[in-house]
Every structure is written in C-alpha cells, then in structure tokens.
Amino acid sequence: MASKILMDDMPELMENIVKNLNNEIYSLYSCALVSRHWCKISIPILWQDPFSFSRRSPLFISNYFSSLGEYEKIILKECGINEEFSKTIFDYARFLKDLDLSRLYFQVEKWIELVLDNSNSLSDNRLKHNRIIDITNLLLKLLIENGATLHSLDLFFSKCREFKPEIFYVLGQNVQFLSQLQYLSLNEIDVDDIDSATTWLRAVAKYTTKISTLEIELFYPNYRFFTEFYGMISSLESQKNSLQEVIIDTRAFNEEFEVLKICKNLEVLRIRSCDQELSKLSKILDNKIGNKISTRDVICSQIYAQQPIALMLEKSGTLLQRLRLKLNGDESQEYTLLLEALKSFCPNIIYLDIMNIKFSTQLVELISELQKLRFLSLRCYNNDIPDEELKKQVMQFSEILPLTLQYLDLNTCTDRILHTKQTFKNVGVYEYIDLDDNIRKEVEAYVELVTFRRILVYC
C-alpha cells in the first residue's frame, strides 16, 4: 500500500491523507519534496492560510510580488523597497482560502523589517505605519486580482482600518474573492472603524450569499461602547438562506439583530454576554427565533440577576443543548429561579458549565434531571456547609450522575473526587487540589484524572 501511494498510483487517497496535515506546516513541506504529484497536492494546502503561521518567516510574502507591474514596483520603491522578486513556479495567490486582516497587517510589518533597504527609517512610528498600510493594501489588491477565493474572512480593524478605495473597486471587478465565503468574523470594531467595517460588509452582502457561520466579537475595545451598528448587522440579510451558526460576544444589542429572525436555516445560536444584554437580545428576538433553532448555546460571562437568563431558558426550553454561566455567588430567590428554570424547561442539555455556584441539594436535584448530560463542569463553593452534610451531598451527587456522562470537570472546595463506576473518559480536577492518596488510587481504578485544562470537548 505504501509503495503504491509513493508511486502516485492512488492519488485520491494521497490527497485525503495530505489534507489532514493542513496545520502541520513542516510535514507539508516534507511532502512537497517527495515527488511532483505530492508537491502539487501539498503546495495549495500550505498556501491556503499562510498568514496564520506565526513561526513562519514573513519572506513568503515576496512570492506574491513575483509578477509586479510597473505601478506596483513604484509603490514599493516609494516605501524604500527596491528588491527584485524572482519568478515562481506556482501562482500562490490562487491558493488563498483563509484571511485575517490583522494577521495580514502584522506579517507585512515583519516582512518590511526584513527587506527594507533603510532600516533606520523604522524608528519613525508614523512613517513605519504608513508604509505598512501602503504595502498591506498593495498585497491585498494583488491577492484579489490574482484569483484568490476566500472561504473564511476575519475583519479585524484594530490597526488595519485604512483601506484604499481601489480595494473595493477591484473587489467589484473580481467577484470570485468573496463569492464562496462561508465564515465571517467581525472583531474589535471601534467607533473609528465604522467606515471601513460598513464598506467591507456591504461588499460581503453584495458578492456572496453562502455564509454559514457568523461571529460577532468585541465591538468595544478601549471601552468605547456604541449601540448603533450603522447597518452592519442588518446588511447580512443577504445570508438568510445560508446562515446556520451565529456567535455573539458584545455588550451592545439593538433592533438590527432582528435580521436573525428571517434566517431560515439557523441552527446554532451562541451568546456570550452579561445578563442585562442577554435580556435585550431576548426581547429583540422574541419567541420566533426559539422555534427555529435546534441547538442553542448560551454562554454568559457574568450573571448578577438570574431572572433575565431564567426567562430566556424558559423560552429556549427543549432546544437548549449547551449552557455556560458565570454566577456571582448570589443565593437569593433569583438563584433558585435559575436552577428551577433549568430543571423544568431544559431537559436536553448535553453540555453544562457553571462557575461560582453553591454546592447544594438544589444543584444535586438539577443534575439528576439532566439525563442526556455528556459534559459537566462545576466550579463550586461550599461555604457554611458542615462536613457531615457536605459528605452526604457529595455521595448523593455521585449516585445521581446520568449514565450518559462522559466528561466530569470538578473544581470545588471539597477534597473529594466522586467514586463511581460510570464510563467516564476523563475526570478533570483543579491542578493544585490536595487529594487524599487513597481516594486518588480508588478513583484512578475507573477513570483517568487530568487537570481540567487538558480536557477538550467537542459537542
């Protein structure tokens, strides 16, 4: 079998093997040296996302400049770069599939530091930034014009917000660049980024209708909040037939998010937010979206008042499968409402992660009702619970764990790991927890104990 692969007699199998090495840059380089056929398979994979390899020398950028026109050469010379670029065997720009604008900026910055004729000019920060912007725009223009077709685009504007009008002109002349886009991320959009962000999103809305995953994250760097999205979110109405997953991490929600109501195939809604904003989003979306989404993943960073999240849990009902909450340790009536809402309305949870929750009888009763649970992570405190009562609750807890549970992550104030013969894959424990040796040996007869940071879960 191995000899047939080496002789290129099984090209389809070889292609499948090499594709599984998409993050193994050095292995792909080795494959490219085996034969011409292996090289033709490996090189396109190596160049799908070249800007994300932080350890890779930025000199790979020079390959994109191998066929510069006179106008582009003038731009480089004005930036102090007089290098002659050799012709390449491959047209590398055509292989680009994934692009993060922030990584593009930083790779260009490192490339300039290596090839700039007059390195002393790099001491002027403003001049250096202007050169980075000019070359970033030039490189982006070449990628668009030379046939790149993106599957993933991260719009990150923290530093690279100065896009020249010609970029959007060539997008219109080369519609293939955005036509196959499936993943879109909007990241760190500040008030000063509005013009660039809206122009990019209008181009996305115009040239593609295939986005399946949308991630909206951190719209408030430097705590400059805004609640007006200037049509950025509503412009994504063009993706109403393709959008399947939406991930939202922002403290600003307004009526523009109503566009999610008309997304016909939306299956996963992941919300990372505080409870006040979650309440706003719930009112905006009303009940209509809850009837469509088959998997709702709610991740709340800090919960001070449990009532809004309890109401949203009630609306989510049997659709909720993944939930991550960070509480403030409140033991009020609203805390009770939260646990009751989970117990009464959300029986289909398979992933549950709650931080800063009291280890209590109510919590034990809740877990006993979640008979489909596969992953459980609890960061509990047990203040004011007598030792004997705590032992009793821990024993009850071990007895009610559902048989479906595969991963258990415990980071509690108790030094007891549950003794159970269930078929766990792992039990995660806090790295510095002081376990009794007898308890450890007894538990390790059934499961592997690992620090919770080592557990990876795919739900």
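The notes below deal with the structure included here. Remember, it's a predicted structure, so these values are computed and weren't measured experimentally. (Residues numbered from 1 in each chain as written. Predicted model: local features only at pLDDT ≥ 70, side-chain atom pairs only at ≥ 80, totals over all residues. Heavy atoms only, no water.)

1. What to know about the overall build of the protein
Each helix and strand counted, the protein has 17 helices and 13 strands in total. With 459 residues in all, the protein has 53% of them scored as buried. For the protein, contacts bridging at least 24 residues in sequence account for 72% of all contacts bridging at least 6. With the model as given, the accessible surface of the protein reaches about 22,400 Å², and the carbon-plus-sulfur share is 47%. (Helix = DSSP H or I, 4+ residues; strand = E, 2+ residues; numbered from the N terminus. Buried < 20%, exposed > 50% of the residue type's maximum accessible area, 1.4 Å probe, protein only. Contact = heavy atoms within 4.5 Å. Areas by Shrake-Rupley, 256 points an atom, 1.4 Å probe, with all protein chains shown as cover.)

2. Overview of the pairing of strand 2 (residues 152–156)
Within strand 2, five of the five residues are buried, which leaves it mostly tucked inside the rest of the structure. Taking every second residue as pointing to the same face, both faces of strand 2 are buried, with Ser152, Asp154 and Phe156 on one and Leu153 and Leu155 on the other. Bridging between strand 1 (residues 98–100) and strand 2 involves three bridges; their strand directions are parallel. Note on strand 2: the bridge partner recorded for Asp100 is Asp154. In the sheet, strand 2 pairs with strand 3 (residues 183–187) via five bridges, with the strands oriented parallel. Opposite Ser152, over in strand 3, you have Tyr183 as the bridge partner. (Pairing = 2+ DSSP bridges.)

3. Thoughts on the side chain of Ser179
Here Ser179 shows up in helix 10 (residues 176–179). Among residues more than four places away in sequence, those in contact with Ser179 are Thr149, Tyr207, Thr208 and Lys210.

4. Some thoughts on helix 3 (residues 25–32)
Because each turn of an α-helix spans 3.6 residues, side chains separated by three or four positions in sequence point in the same direction. Taken together, the buried positions of helix 3 are Ile25, Leu28, Cys31 and Ala32. For helix 3, the angular spread of the buried residues around the axis is 115 degrees, confining them to a single face. (Arc of directions from axis to C-beta.)

5. Section: the pattern of salt bridges
The final tally for this structure, using the stated rule, is nine salt bridges. Arg103 is paired through a salt bridge with Asp100; the nearest N and O atoms lie 3.9 Å apart. Residue classification places Asp100 among the buried residues on the basis of a relative accessible area of 13%. Sharing partners across several salt bridges, the network here consists of Glu72, Lys141 and Glu145. (Salt bridge = Lys/Arg side-chain N within 4 Å of Asp/Glu carboxyl O.)

6. Observations regarding the nonpolar core
Among the nonpolar cores identified, the biggest contains 90 residues, and Phe51, Phe65, Trp111, Leu153, Leu184 and Trp200 are the most heavily contacted of them. Shared between two domains, this core holds at least three residues of each, these being domain 1 (11–47) and domain 2 (48–404). One finds Leu327, Leu342, Ile349 and Leu401 within the second-largest nonpolar core, a separate group that totals 33 residues. (Core = buried A, V, L, I, M, F, W, Y, C linked by side-chain atoms within 4.5 Å. Domains from an automatic or database assignment.)

7. Considerations on the packing of helix 3 against helix 4 (residues 36–46)
Between helix 3 and helix 4, the least distance of the axes is 8 Å, while the angle of their chain directions is 150 degrees. By the angle between their directions, the pair helix 3 and helix 4 is classed as roughly antiparallel. Taken as a pair, helix 3 and helix 4 cross one another with a handedness that is left-handed. Only Trp38, Cys39, Ser42, Ile43, Ile45 and Leu46 of helix 4 make contact with helix 3, whose side of the interface consists of Ile25, Leu28, Tyr29, Cys31 and Ala32. Here the contact of helix 3 with helix 4 is built from residues that sort into ten nonpolar, one polar and no charged. (Axes fitted to C-alpha atoms, helices over the stretch in contact; angles between N-to-C directions. Parallel < 35°, antiparallel > 145°, perpendicular 65-115°, else oblique. Left-handed = near helix turned anticlockwise from the far one by under 90°. Nonpolar A, V, L, I, M, F, W, Y, C, P; charged D, E, K, R; others polar.)

8. Description of the packing of aromatic side chains
Within a pair of aromatic rings, the relevant descriptors are the distance that separates the centres and the angle that separates the planes. For the structure shown, the criterion picks out 17 aromatic pairs. Look at Trp47 and Tyr64: their rings are 5.5 Å apart centre to centre, the planes differ by 90 degrees, and that puts the pair in the edge-to-face class. With Trp47 in the loop between helix 4 and helix 5 (61–64) and Tyr64 in helix 5, the pair connects residues that are 17 residues apart, well separated along the chain. For Trp47, a relative accessible area of 4% translates into the label buried. Exposure remark for Tyr64: the relative accessible area of 4% places this residue in the buried category. Here the aromatic residues Trp47, Phe51, Phe60, Tyr64, Phe90, Tyr92 and Phe95 are joined through ring pairs into a cluster of three or more. (Phe/Tyr/Trp six-rings, centres within 6.5 Å; stacked < 30°, edge-to-face > 60°.)

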